[in-house]
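# Structure at a glance
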Amino acid sequence: YRVRAMDAAGNLSSYSSTTTATTPAAADTTPPTVPFGLTATAASTSQINLAWSASTDNVGVTGYRVERCQGSACTAFAQVASVTGTSYSNTGLAVATGSSYRVRATDAAGNLSGYSNTATATTPAAADTTRPTAPSGLTATSASTSGINLAWTASTDNVGVTGYRVERCQGSGCTAFAQVASVAGTSYSDTGLAASTSYRYRVRAMDAAGNLSSYSSTATATTLP
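Since the structure is predicted, the reported quantities are computational estimates derived from the model, not experimental observations.

### A few points about the pairing of strand β9 (residues 148–153)
Alternating positions in β9 separate cleanly, Ile 148, Leu 150 and Trp 152 being buried on one face and Asn 149, Ala 151 and Thr 153 remaining unburied on the opposite face. In this sheet, β9 lies alongside strand β8 (residues 136–142) in antiparallel orientation, the contact comprising five bridges. By the bridge assignment, Thr 139 is partnered in β9 with Ala 151. Taking the residues that link successive antiparallel strands as the turn, the β8-β9 hairpin has five residues. Pairing analysis gives four bridges linking β9 to strand β12 (residues 187–190), with the strands arranged antiparallel. Pairing of Leu 150 across the sheet is with Tyr 188, part of β12.

### Digging into the state of the cysteines
Counted by the stated rule, this structure contains two disulfides. Note that Cys 69 is cross-linked by a disulfide to Cys 74, the S-S spacing being 1.8 Å. Between Cys 69 and Cys 74, the S-S dihedral sits near 75 degrees, and the bridge is therefore right-handed. Paired by a disulfide, Cys 169 and Cys 174 hold their sulfur atoms 1.8 Å apart. With the S-S bond torsion at 70 degrees, the cross-link from Cys 169 to Cys 174 turns out right-handed. Using a relative accessible area of 11% as the deciding quantity, one classes Cys 174 as buried. Each bonded cysteine in the chain gets a number by its place in the sequence, and the pairs come out as 1-2, 3-4.

### Thoughts on the side chain of Asp 107
Within the element layout of this structure, Asp 107 appears in strand β6 (residues 98–107). For the buried residue Asp 107, which engages in no salt bridge, the nearest side chain bearing the opposite charge is Arg 65, 9.0 Å off. A polar contact is formed between the side chain of Asp 107 and the backbone nitrogen of Asn 111, at a distance of 2.8 Å. Apart from the residues within four sequence positions on either side, Asp 107 is in contact with Asp 28, Thr 30, Pro 32, Asp 57, Gly 60 and Thr 62.

### Digging into the sheet that holds strand β11 (residues 178–183)
Spatial ordering of the open sheet is given by β11-β10-β13-β14, a layout of four strands whose pairing is antiparallel. What marks the edges here is a single partner per strand, and that holds for β11 and β14 (219–222). Taken over all neighbouring pairs, the strand axes of this sheet differ in orientation by 30 degrees on average, direction set aside.

Definitions and limits used
- Residues numbered from 1 in each chain as written.
- Predicted model: local features only at pLDDT ≥ 70, side-chain atom pairs only at ≥ 80, totals over all residues.
- Heavy atoms only, no water.
- Buried < 20%, exposed > 50% of the residue type's maximum accessible area, 1.4 Å probe, protein only.
- Helix = DSSP H or I, 4+ residues; strand = E, 2+ residues; numbered from the N terminus.
- Pairing = 2+ DSSP bridges.
- Disulfide = S-S within 2.5 Å.
- Lys, Arg positive; Asp, Glu negative; His and termini not counted.
- Salt bridge = Lys/Arg side-chain N within 4 Å of Asp/Glu carboxyl O.
- Polar contact = N/O pair within 3.5 Å; in protein donor to acceptor, adjacent residues only side chain to side chain.
- Contact = heavy atoms within 4.5 Å.
- Axes fitted to C-alpha atoms, helices over the stretch in contact; angles between N-to-C directions.

As structure tokens, then:
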């Protein structure tokens, strides 16, 4: 633009300086498309990894808002992250805890897409590495010419004892023990033995994670003649 003045006699001034202006673009009111294919995968006892397919936008997607709620059927979602890519690792979670997630896209004008599908995952329980206590009070009693009865006091465990391994060797001073039984209770009848023969026994407990206790004390008995 430029401007000049005139008077009643029609005299015109020189032109003013020139100035330029541009009308603004129309406001962007188009939201991005909804993110899709959201997946949630437990990566450790305290981490869940998320991934989804990208949204599109008439101008450009600038990022994604990640929301989480605790529990497989929860509804109280809260934003936990804002990311520019199509994946997110949610860390610092509690063990053996379920979480549900949803994602929405945003553009430079602040338009928000609808929510993605909801994806749920549960962090696993911590591995059980605690051994049961050793069985105590092992006794061995001759029952017949071919049988010896064993009994002991139960072990304890932070999760639960699943059974006991019974080991035996032949001879009062033997050391070459070998497993002869696996039982759930706290007693065992060893049969098919030789008459007038000494046998030594020891027992250890086990749990569902495969942790083995220390051995019990050793008990000795001799079959009847």
